[in-house]
There are 2 protein chains.
Amino acid sequence: MGEFELLARIRERLPAAGSRVQLGSGDDAAVTTPGDATATSVDALVEGVHFRRDLASPAQIGHKALATALSDLAAMGAEPGEAYVVLGVPDDFGEDACMELLDGMIALGEETGTTLAGGDLSRATELFLAITVVGHAAGPQELVDRGGARPGDAIVLTGALGGAIAGLKLLEDPALETGIDLDWRVGQAMGGSTRQATEKAAAALRRRQLEPTPRLGAGRALAATGATAMIDLSDGLGGDAGHLAERSGTALSIDAEVIPRAPGSTELLATAGLDRWQALNAGEDYELLAALPPGRLDRAKRAVGAEEGIALTQIGEVRAGSGVEIRLPDGRLLEPVGFDQLA
Amino acid sequence: MGEFELLARIRERLPAAGSRVQLGSGDDAAVTTPGDATATSVDALVEGVHFRRDLASPAQIGHKALATALSDLAAMGAEPGEAYVVLGVPDDFGEDACMELLDGMIALGEETGTTLAGGDLSRATELFLAITVVGHAAGPQELVDRGGARPGDAIVLTGALGGAIAGLKLLEDPALETGIDLDWRVGQAMGGSTRQATEKAAAALRRRQLEPTPRLGAGRALAATGATAMIDLSDGLGGDAGHLAERSGTALSIDAEVIPRAPGSTELLATAGLDRWQALNAGEDYELLAALPPGRLDRAKRAVGAEEGIALTQIGEVRAGSGVEIRLPDGRLLEPVGFDQLA
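For clarity, every value in this text was computed on a predicted model and none was experimentally measured. (Residues numbered from 1 in each chain as written. Chains lettered and ligands numbered in written order. Predicted model: local features only at pLDDT ≥ 70, side-chain atom pairs only at ≥ 80, totals over all residues. Heavy atoms only, no water.)

Regarding the side chain of Thr225(B)
All names here are of chain B. In this fold, Thr225 is placed in the loop between α7 (216-224) and β8 (229-232). On the basis of relative accessible area, Thr225 is assigned to the buried category, the value being 6%. With residues near it in sequence (within four places) discarded, Thr225 still touches Leu292, Arg296, Arg299, Ala300 and Ala303. (Helix = DSSP H or I, 4+ residues; strand = E, 2+ residues; numbered from the N terminus. Buried < 20%, exposed > 50% of the residue type's maximum accessible area, 1.4 Å probe, protein only. Contact = heavy atoms within 4.5 Å.)

Written as structure tokens, this is what we have:
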């Protein structure tokens, strides 16, 4: 089956387009009626760099590719609109695998209100994806960039960190699951035995690595409650906080001890021989880091809880100066090293 | 040098953003204030499939990638706005090569009024590019899709065909240049000897393959003068005409003999042992094929000449029915086979 036949099969599978899409996949270009402002982001995912085919199913690869792209729209506080998908397909990744990959993307698209509005296919020697996402807003002033943090602002974090790297370690070595030694009270709180709680935690960690959740609701809630700067944590806390600090022309002071950790991740990382603090810089948790005037903190916590069902935690503050200081409990500072794919 | 340093070096090189771009490369997403309608298209270019590094310079690869993407906007009659670039970079494609590739893209961007507004980089085992382009229009009705051709419409073509495949053959075998046996009158008309004319024609054919011109001015002129359907010829005349016929629910009747040929291409193809008619289906000429009410023909010819300095030729007409008929001078029909990358 050739490119055109596969594209036709893909188009048949696509659900109805969103109301902004006047002309979807199948013409020279998609035609949309955008909001007064659009946020557009592109992301590349390459086999062996961003995912491993022996650890992730095609549907999970599709999910993750779209999720990481949408995470950038979440970090702007944009309403997701359209996604455009480029797929480089090696000979040993068949048509059914392509359709499965697409299904993973369609499912997340439906969940988030994102229309797959176009794409392109090519032969390739390795599997790669390039995803473009377009989000909408009533005007440019509704969107939150990285550059508006001011001294005195609170630094807030959605959800918990460390889950993605713990999930990766667990996928690479399933025996590490026995290293998750949850307190019996966690099992009780989750309504089962410690063993069941361990299994649930392990499944959640794997999901965290393979099927991350773009924090779109939290991003819009933070934008609406007055976030002055925002970024998603794709490359790791130190590196991404550094981007926000640099663009804002401020310093960031972060208290590592108050950062919520994904359940089970700390024990698992210890068993895997990874430093729990360094793990903060491992990236791929796709939580949001934002700066917020302290007076908006309570409202933002309620809004993020209502929109996304997760906690918003103050983990530091913005100060005059430059750079990022991540303080550890023993007084040392964590080197804010980014996760650099081309290094 | 890592991804972030290379991205910073790239951002330094970017010219000033267009007026629609509120926030360019370097944040989670680019922020733009779009027109009331946008046309968005994505294109993948993969080493060994769409280009060869031994035949094209990095700047030419960059030019061609952006040109093929912009050609889709030309086929909608859209005004080009922004481009987003994903680059998969193998180890043997260094930083300087990346910058050269970018320079090729920037030059075409400036020529066409396209802002490079964002991108992503990844390591890869082969060089690949994925380009997203966004064009703007005052409303969806200003844009021309493939589906509006009506029986009785004239089928028109911008420029000439056959240049891209002839250029490819010439790049693969430079000795073919001696096969270009131009009439001495062509040399005279070009203001020099036959030898000089041959060299000029050869250079033009190579450029046609390596640095195609997106027909943006012609596309807008055709849209403004009432084109009912339009497509760019990337995959070959037969295949692309077939897409237009299918989406319009009509038949297309094309007279192969009246199709203008790139100077020198017919002789060269004959020397290379390629059928001159089959060459019409080789693709990559990136000319525009449009349907147009016959009453608009003269106006459209003048507008395309004024905007783009090229001819617009009627090569057939739209009829009731389905399918594409490409008539050859001997009465045979040319099989309208598309150029299928995944075949």
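Once you've had a look at it, read on.
Section: the pattern of salt bridges
All told, the structure shown has 44 salt bridges over all chains when counted by the stated rule. Note that Glu199(A) is salt-bridged to Arg195(A), the shortest N-O span being 3.3 Å. Here Glu199(A) and its partner Arg195(A) are both found in helix α6 (residues 194-210), four residues apart, which amounts to about one turn of the helix. Among the residues examined, Glu199(A) registers a relative accessible area of 39% and is labelled partly exposed. For Arg195(A), a relative accessible area of 45% translates into the label partly exposed. Its salt-bridge partner being Glu47(B), residue Arg53(B) comes within 3.2 Å of it at the nearest N-O pair. Through salt bridges with shared partners, a single ionic network connects Asp27(A), Asp28(A), Arg146(B) and Arg247(B). (Salt bridge = Lys/Arg side-chain N within 4 Å of Asp/Glu carboxyl O.)

Some words on empty space enclosed by the protein
A complete count under the given rule lists three cavities of 30 Å³ or more for this structure. As for the largest cavity, its lining consists of 15 residues, and the residues nearest its centre are Ile10(A), Val85(A), Leu102(A), Gly118(A) and Gly119(A). For the lining of the largest cavity, the elements supplying multiple residues, two or more each, are α1 (3-13), β4 (79-89), α3 (95-112) and β5 (115-123) of chain A. Top element by residues in the lining of the largest cavity is β5(A). It accounts for five residues. Considered class by class, the residues forming the lining of the largest cavity number 10 nonpolar, three polar and two charged. Estimates place the volume of the second largest cavity at around 90 Å³. Lining the second largest cavity are 15 residues, with Thr38(A), Thr40(A), Val134(A), Thr38(B) and Val134(B) positioned closest to its centre. Contributing elements (two or more residues each) for the lining of the second largest cavity: β3 (37-46), β4 and β6 (128-137) of chain A together with β3 (37-46) and β4 (79-89) of chain B. Counted by class, the lining of the second largest cavity contains six nonpolar, seven polar and two charged residues. (1 Å grid on protein atoms, 1.4 Å probe; cavity = no way out; pocket = protein on both sides within 12 Å on 5 of 7 lines; lining within 4 Å. Points joined across faces, edges and corners; volume = space filled by probe spheres on them. Nonpolar A, V, L, I, M, F, W, Y, C, P; charged D, E, K, R; others polar.)

Structural notes on the packing of helix α7 (residues 216-224) of chain A against helix α10 (residues 297-308) of chain A
Residues and elements named next belong to chain A. One can describe the packing of α7 onto α10 by two numbers: an axis separation of 8 Å at closest approach and a directional angle of 150°. One element, α7, and the other, α10, form an angle in the roughly antiparallel class. Crossing angle aside, the handedness with which α7 passes α10 is right-handed. Contacts from Leu216, Gly217, Ala218, Arg220, Ala221 and Leu222 in α7 reach Ala300, Ala303, Val304, Glu307 and Glu308 in α10. Taken together, the residues that form the contact of α7 with α10 break down as seven nonpolar, one polar and three charged. (Axes fitted to C-alpha atoms, helices over the stretch in contact; angles between N-to-C directions. Parallel < 35°, antiparallel > 145°, perpendicular 65-115°, else oblique. Left-handed = near helix turned anticlockwise from the far one by under 90°.)

So, the pairing of strand β5 (residues 115-123) of chain B
Residues and elements named next belong to chain B. Taking burial as the measure, the nine residues of β5 include seven buried ones, the bulk of the element. The pairing of β4 with β5 spans eight bridges and is parallel. Within the sheet, the bridge partner assigned to Val85 lies in β5 and is Gly119. (Pairing = 2+ DSSP bridges.)

Structural notes on the interface of chain B and chain A
Contacts between chain B and chain A engage 65 residues on the former and 65 residues on the latter. Where chain B meets chain A, there are six salt bridges. We note a salt bridge from Arg247(B) to Asp27(A), for which the minimum N-O separation is 3.4 Å. Run the count over chain B and chain A and you get 19 residue pairs in polar contact (both at pLDDT 80 or more). When residues of the side of chain B that touches chain A are assigned to their parent elements, the largest contribution, nine residues, is made by β3(B). Grouping the amino acids of the side of chain B that touches chain A by side-chain chemistry returns 31 nonpolar, 18 polar and 16 charged. In this structure, β3(A) lies alongside strand β2 (residues 30-32) of chain B, joined through three bridges in antiparallel fashion. The residue bridging Thr40(A) from the neighbouring strand is Ala30(B), located in β2(B). (Polar contact = N/O pair within 3.5 Å; in protein donor to acceptor, adjacent residues only side chain to side chain.)

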